[in-house]
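# What the coordinates show
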Amino acid sequence: MTTTISGPAPVPAPSSSPGSKPRSRFFSLDNRFLAPVLITGILLAGQITFGFLESYTRTLLAISASIAMELILGRLMLGKWPHLASAYITGISIGILVRSPAFWPYILCALISITSKYAIRWHGRHLWNPSNLGVSALFFLAPASVAGLSIQWGNALWPMLIIWALGSAIIWRLKRFHICATYVATFLALSGLRSAITGDPWLAAVAPITGPMYQLFVFFMITDPKTTVRSWRGQCVVAFAVAVAEALLRLNRVVHAPYYALFLVGPAAVVIEIWWNEHRRAALQRADDEHAHETKPALVEASACGTSANPVQSL
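Each chain carries its own residue numbering, running from 1 in the written order of its sequence. At least 70 in pLDDT is required for a residue's local features to be given in this predicted model, at least 80 for side-chain atom pairs to be given and counted, and no such filter applies to totals for whole chains, interfaces and linings, which use all residues. Only heavy atoms go into the side-chain values, all of them from the structure, while hydrogens and water stay out.

## A short note on a positive patch on the surface
Exposure above 30% relative accessible area and the lack of any salt bridge qualify a residue for a patch; like charges then connect within 9 Å, and the nonpolar side chains Val, Leu, Ile, Met, Phe, Trp and Tyr within 5 Å. Calculation of accessible area relied on Shrake-Rupley with a 1.4 Å probe; when residues are assessed, cover is drawn exclusively from the protein chains displayed. Within this document, salt bridges are pairs made up of a side-chain nitrogen of Lys or Arg and a carboxyl oxygen of Asp or Glu, the two lying within 4 Å of each other. Here the positive residues are Lys and Arg and the negative ones are Asp and Glu; neither His nor the chain ends is included. Where a charge lies is defined by one atom per residue type, namely NZ (Lys), CZ (Arg), CG (Asp) and CD (Glu). Together, Arg32, Arg121, Lys226 and Arg230 make up a positively charged patch on the protein surface. Runs of H or I in DSSP of at least four residues are treated as helices and runs of E of at least two as strands, each being numbered from the N terminus. Mapped onto the fold, Lys226 is located in the loop between helix H10 (212–221) and helix H11 (232–251). Under the scheme applied here, a residue whose accessible area is under 20% of the maximum for its type counts as buried, over 50% as exposed, and between as partly exposed, the area being computed with a 1.4 Å probe on protein chains only. On the basis of relative accessible area, Lys226 is assigned to the exposed category, the value being 52%.

## Quick word on helix H6 (residues 130–141)
Helix span is expected to be 1.5 Å times the residue number reduced by one. Counted at 1.5 Å a residue, the expected span for H6 with its twelve residues is 16 Å, and the 16 Å between its end C-alpha atoms agrees. Of all twelve residues in H6, ten are buried, a share of seventy percent or more.

## Overview of the pattern of salt bridges
For the structure on display, the rule yields four salt bridges. Between Lys117 and Glu70 there is a salt bridge; the shortest N-O distance is 2.7 Å. Taken together, the positions of Lys117 in helix H5 (residues 104–119) and Glu70 in helix H3 (residues 56–78) put the pair 47 residues apart, joining distant regions of the chain. For the pair formed by Lys117 and Glu70, the shared burial category is buried. The shortest N-O distance in the salt bridge between Arg125 and Glu273 comes to 2.9 Å. Here Arg125, found in strand E3 (residues 125–126), pairs with Glu273, found in helix H12 (residues 257–309); they are 148 residues apart in sequence, far enough to count as distant.

## Quick notes on the packing of H5 against H6
At a closest axis distance of 8 Å, the pairing of H5 and H6 adopts a crossing angle of 135 degrees. Accordingly, the angle class assigned to the pair H5 and H6 is oblique. Handedness of the H5/H6 crossing: right-handed. Every residue of H6 that contacts H5 at Pro105, Leu108, Cys109, Ile112, Ser113, Ser116 and Lys117 is listed here: Pro130, Ser131, Leu133, Gly134, Val135 and Leu138. Amino acid classes used here: Ala, Val, Leu, Ile, Met, Phe, Trp, Tyr, Cys and Pro are nonpolar; Asp, Glu, Lys and Arg are charged; the rest, including Gly, are polar. Considered class by class, the residues forming the contact of H5 with H6 number eight nonpolar, four polar and one charged. The angle between two axes is taken between their N-to-C directions and runs from 0 to 180 degrees, where each axis is a line fitted to C-alpha atoms and a helix contributes only its stretch in contact. Oblique is the label for every angle not falling under 35 degrees (roughly parallel), over 145 degrees (roughly antiparallel), or within 65 to 115 degrees (roughly perpendicular). For a crossing to be left-handed, the near helix must be turned anticlockwise from the far one by less than a right angle; the clockwise case is right-handed. Contact between two residues is taken to exist if any of their heavy atoms lie within 4.5 Å; hydrogens are not considered.

What follows is the structure, encoded as structure tokens:
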């Protein structure tokens, strides 16, 4: 009589609806086309409604310069052709946020922004959001030649509502909505405090957050996965700190307060996180080394005792 031993029965793959996997993959962190789609929607809504671009030519120039610099540096520094979604977002952000009759600010801002990703790094991470660094540097160094976008949506609420709804849905699926919510809630609360201090109407203090500039700032700059801290709680704390720093700058009549606030707070938070992680890793390594050093003599002694007590086992 023979006995046949068969392997375990194959486990059927979990069933899923045909459209669930492509949909979940589209709304995931791996899909790097989500952000370009959203920022293009902001551009189209603003341009169709108010014509807020300085010109199509300047915006295309900023996008082209960003993509070209990304290709060059990615090939030279990394030895491969980089994904261009980040460069596109940087270029289109510059085209929307920067206002200048000249062409050179758009090129210079794009070059500074993209170069910072490769030149200003610590422990493998770049510290500044590229477009935030480029725009902040341009506003600070060339205020006579460059201005920022100051157009609001006005009384036409539908473009603002569509962009906020679409952006919130996408950011929610990317699990970064808590950053936006923390910043917006803090901004609204501090607007009341600024209104009480300055005597300005509360609606005037709140008005800037309804404009397209803040949509770019909230959905793209402060939520940038490459330049934000890693923990959920830390991200909320940093968003709160950015809003506080902005409120202080606004009380001092700083025009480009949100950009400068993120410029100061964001990199400082990343540096602190990197330092803390390295410090904790070093402490754990020292503890492991000390434990290994303490247990090694005991193991050697136990091994020697075992050998002497059982000499036959060594034969």
